Amino acid sequence: GKPQLLAPGEAITPTVQYWEIGNESYGPDPAGSCNADEYAKAFPAYVTAMKARDPSIKIVMNGHSAVDWSDTVLRLAGRHADAFQFHIYHTPRFHTTNAHLEGRPHLFTDGTRTPDRIPSLLQEIETLMQKHVGRTLPTIISEFGMGNARNREYMTSVTSPVLVADMWRTLIESPMIHGANKWCLFTGYWFSQIQGPTLQQPDAPYYNRPEHAMHVIYARCRGKTRLAVNNDQSDGVKAVVFQRHDSYGVVLISREAVAWQSVILDLPDLRREKATCLLMTAGHPLLGNENDHTLIRPYEFKFDYDPEQPILVPSNSVLGLIVRR
């Protein structure tokens, strides 16, 4: 039917609750980019106009992982924001060739440990919030992932999902993070999860990159309740543990490029019976599935679980366990 126009001040039922003002407003796109002072001065007017239309919505301030920008916008306009947002991309750099790296897989280990920097970044942003706003704003990481390393083989290899899985783990553990979104799902970008037809190649086949397999494992293991984990005990393997109705869902992330790791699950009421394992791995950190689309995918199998026996976690892997309790 004919669309009905709302009268001024007429209430609406919102379909979107959170509204971010801008997206990477600091650039590099020429249209809409600005500096932090310009953004902060414009932000209150957007909030006033939008909430005059619907006071129930939440307005999200456009932050930056570069703390100087966030300091300025929080100081000048943070009190007008309901939530805060910024992006986190980690771009491990190698000043050498892929041929050199092929024979030195241990060099990739430092790259998969970069999520260790995230807690200090979040703490720095929270300190600015407390200083300028007087409270911790709910924070949304609306984009995160492996940054553009300008190396397609590296970015589409098994190293990327291992890095991103550990970024997920770090964000999940932070109480100030209210949402996070891995960018991007489907495009021609090297850091997308699913590939397929484009305008330039309309007949290109669909296939899932290794990151998709990692997300499948997380989705299968997740539950409504997450248990606290002492991840300081191991540098090579990090864990996320979900408690479900009759089982635990455990995600183990091996940040080691060459060495297998041994892990014992110290969880209450584990049963000695069949368990489910979901595994994404590859024998070398540079391996991907750009040429063979079936090479890296989630493998699922059953095994006889013994709570007293260690779990062996392969290098370059994200491993999911569904264990009865």
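Scroll up to find the structure this text is about.
S.K.: What is the right way to read the layout of surface pockets from this model?
M.R.: The gaps of empty space that remain are located by a probe, the size of a water molecule, rolled over the atoms. Approximately 430 Å³ is the volume attributed to the largest pocket. Looking at the lining of the largest pocket, the elements with two or more residues in it are strand 9 (237–243) and strand 11 (261–263). Broken down by element, the residue count for the lining of the largest pocket peaks at four residues, all from strand 9. Residues that form the lining of the largest pocket fall into these classes: 11 nonpolar, six polar and two charged. Forming the boundary of the second largest pocket are 14 residues, of which Trp 168, Ile 172, Tyr 218, Arg 222 and Phe 242 lie nearest the centre. At the level of secondary structure, the elements contributing two or more residues to the lining of the second largest pocket comprise helix 6 (159–173), strand 5 (177–182) and helix 7 (210–221).

S.K.: Just to check I follow, could you spell out the side chain of His 284 for this structure?
M.R.: Tracing the backbone shows His 284 in the loop between strand 12 (274–281) and strand 13 (299–304). Accessibility expressed as a relative area gives 17% for His 284, which makes it buried. Not counting the four nearest positions on each side in its chain, His 284 is found in contact with Leu 101, Glu 102, Pro 105, Phe 108, Val 158 and Asn 316.

S.K.: Can you help me understand a nonpolar patch on the surface in this one?
M.R.: On the surface, a nonpolar cluster with roughly 350 Å² of combined accessible area is contributed by Leu 185, Phe 186 and Tyr 206. Of note, Phe 186 is situated in the loop between strand 5 and strand 6 (194–195).

S.K.: How should I be thinking about the sheet that holds strand 1 (residues 18–20) in this particular structure?
M.R.: Note: strands within a sheet are paired through backbone hydrogen bonds, in either parallel or antiparallel orientation. If you trace the five strands from one edge of the open sheet to the other, you get 1-2-3-4-5, paired in parallel fashion. In the strand order of this sheet, the two ends are held by strand 1 and strand 5, each with one partner. Across the sheet, the mean angle from the axis of one strand to that of its neighbour is 30°, orientation sign disregarded. The pairing of strand 2 (residues 58–62) with strand 3 (residues 83–90) spans three bridges and is classified as parallel. Each residue of the ladder has a partner; that of Val 60, found in strand 3, is Ala 83. Strands in contact with helix 2 (residues 67–77) are strand 2 and strand 3; relative to strand 2, the strand with the most contacts, it is inclined by about 140°. Contacts between helix 4 (residues 118–132) and the sheet are confined to strand 3, strand 4 (139–146) and strand 5, with strand 3 contributing the most and set at about 155° to the helix.

S.K.: Mind showing me how you'd approach the sheet that holds strand 13 here?
M.R.: Taken in spatial order, the six strands of this open sheet run 8-9-10-15-12-13, and their pairing is antiparallel. With partners counted over all chains shown, the strands left at the sheet margins are strand 8 (225–227) and strand 13, one partner each. Recorded for the sheet is a direction-independent mean angle of 25° between the axes of neighbouring strands. The pairing of strand 10 (residues 247–254) with strand 15 (residues 317–324) spans eight bridges and is classified as antiparallel. Residue pairing in the sheet places Val 251 in a bridge with Gly 320 of strand 15. Packing of helix 7 onto the sheet brings it into contact with strand 9, strand 10, strand 12, strand 13 and strand 15, and relative to strand 12 it is tilted by some 155°.

Rules used throughout
Residues numbered from 1 in each chain as written. Predicted model: local features only at pLDDT ≥ 70, side-chain atom pairs only at ≥ 80, totals over all residues. Heavy atoms only, no water. 1 Å grid on protein atoms, 1.4 Å probe; cavity = no way out; pocket = protein on both sides within 12 Å on 5 of 7 lines; lining within 4 Å. Points joined across faces, edges and corners; volume = space filled by probe spheres on them. Helix = DSSP H or I, 4+ residues; strand = E, 2+ residues; numbered from the N terminus. Nonpolar A, V, L, I, M, F, W, Y, C, P; charged D, E, K, R; others polar. Buried < 20%, exposed > 50% of the residue type's maximum accessible area, 1.4 Å probe, protein only. Contact = heavy atoms within 4.5 Å. Patch = residues over 30% accessible without salt bridge, like charges linked within 9 Å, V, L, I, M, F, W, Y side chains within 5 Å. Areas by Shrake-Rupley, 256 points an atom, 1.4 Å probe, with all protein chains shown as cover. Salt bridge = Lys/Arg side-chain N within 4 Å of Asp/Glu carboxyl O. Pairing = 2+ DSSP bridges. Axes fitted to C-alpha atoms, helices over the stretch in contact; angles between N-to-C directions.

Keep in mind that these numbers describe shape and distance, not what the molecule does.
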